[in-house]
Amino acid sequence: MHPPPPLTALSDLDAQLRSAGYAVLDAPSLCRLSAVALPQLQAWNRFWDDLPPDVHLRDGGRYRRRRHGSFIVDGARAPAVPHRAHWQPLEYNALHGGYERWFEPLTPALVADPAWEPLLCALGRCASALRGPQRWFVEAHAFRIETGNDGIGRPTPEGAHRDGVDLVAVILVARRNVKGGETRVFDARGPQGLRFTLAEPFSALLLDDERVIHETTPIQPRDAALPAQRDTLVLTYRAGGFQDAR
C-alpha cells in the first residue's frame, strides 16, 4: 500500500504552503475552502467522459485525454479569456516545451457550472496569501490518464518538473481500477521530499511551484480485463500574465 497523503487542516493551509511549499486538502476541506457542496463537484465526473485524445504526446503514447481553458481570477470573479494555446518553455518541460499546444476547450457546461468560479477564486485566495493580493492568470487542464496498449499510463511523461507558475493545484476527480499513480513532491533546492497517493475524489494537492518539483508515477490496471483511469483537474496560477511563446 502506498502511504496516505499528509493532510493539512484548513486553518493551517496558508502557513503550511509558506513553510513547506505544499499542502494537501481532503475533499471536505476543499469544499469548505470554496464554499461548494461535494455533490456539486461530484456532478463534474461526466465531463471527464468527454475528453478528446491528447494529440501532442511526443513519446508516441495514447494514454492521455485532455481539455484546456484559461481564466483571469480577480477577487470574486474568474472570467474566461478567448481560447488560447498552452505553452511552456523547455526549461520547465523538456519533452513538450518550446511549442504551442492547442487543445480542445473545456466543456462550456463545466465552465458555466455554479461551482466552477467559486473553486477558481478560492484557490486564487491561496495564491494571494502566498504571493500577495493580485490578479491571477489561470490555466485549467482536465486530464484523463488511461492505460494504453502497453498497459501503462503516464500522468507526468516529462518526469519530475516545475510548471513555471506560482501555484499549482492538482485535484483528483476519480481513480478507477488503478494501481500506481503515486505523487512525489521534492524540495527544488535539495533532496528532501515525500511520497503519497491521492485516492479520495476531490482531494487536492497545492504546490508552491517556486519551491518544489513534482511528478506522478505511471499507473497500471488492478484488473487487466477492465479499463484503468485516473482523472484530475490541474489549475495553475501565475502572476503577471500567461506563459506565451516568446
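All of the points below concern the structure found in this document. (Residues numbered from 1 in each chain as written. Predicted model: local features only at pLDDT ≥ 70, side-chain atom pairs only at ≥ 80, totals over all residues. Heavy atoms only, no water.)

1. Thoughts on the pattern of salt bridges
Applying the stated criterion across every chain, the model contains 15 salt bridges. With a shortest N-O distance of 3.3 Å, Arg77 and Glu117 are connected by a salt bridge. Within this pair, whereas Arg77 is found in the loop between strand 2 (64-73) and helix 4 (108-111), its partner Glu117 is found in helix 5 (residues 116-131), the two being separated by 40 residues in sequence. Take Glu117: its relative accessible area is 26%, and that puts it in the partly exposed class. When salt bridges with common partners are traced through the structure, they connect Asp49, Arg144, Arg176 and Asp231 into a single cluster. (Salt bridge = Lys/Arg side-chain N within 4 Å of Asp/Glu carboxyl O. Helix = DSSP H or I, 4+ residues; strand = E, 2+ residues; numbered from the N terminus. Buried < 20%, exposed > 50% of the residue type's maximum accessible area, 1.4 Å probe, protein only.)

2. Thoughts on helix 2 (residues 27-34)
Where burial is concerned, most of helix 2 is hidden: 6 out of the 8 residues are buried. Buried within helix 2 are the following residues: Ala27, Ser29, Leu30, Cys31, Leu33 and Ser34. Looking at the buried positions of helix 2, the neighbouring elements they touch are helix 1 (13-20), strand 1 (22-25), helix 3 (38-42), helix 5, strand 4 (167-176) and strand 8 (204-208). Of the residues flanking the end of helix 2, it is Ala35, one or two places downstream, whose phi is positive at about 60°. (Contact = heavy atoms within 4.5 Å.)

3. Quick look at the sheet that holds strand 6 (residues 183-187)
Taken together, the 3 strands give an open sheet; going across it, the order is 7-6-9, and neighbouring strands pair in antiparallel fashion. Each of the sheet's edge strands pairs with one partner strand only, and the pair in question is strand 7 (193-196) and strand 9 (212-216). Recorded for the sheet is a direction-independent mean angle of 15° between the axes of neighbouring strands. (Pairing = 2+ DSSP bridges. Axes fitted to C-alpha atoms, helices over the stretch in contact; angles between N-to-C directions.)

4. Concerning the pairing of strand 8
With 5 of 5 residues buried, strand 8 lies mostly within the body of the structure. Neither face of strand 8 is exposed, since Ala204, Leu206 and Asp208 on one face and Leu205 and Leu207 on the opposite face are all buried. Here strand 1 runs beside strand 8; their pairing, made up of 4 bridges, is antiparallel. For Leu25, the partnering residue across the bridge sits in strand 8 and is Ala204.

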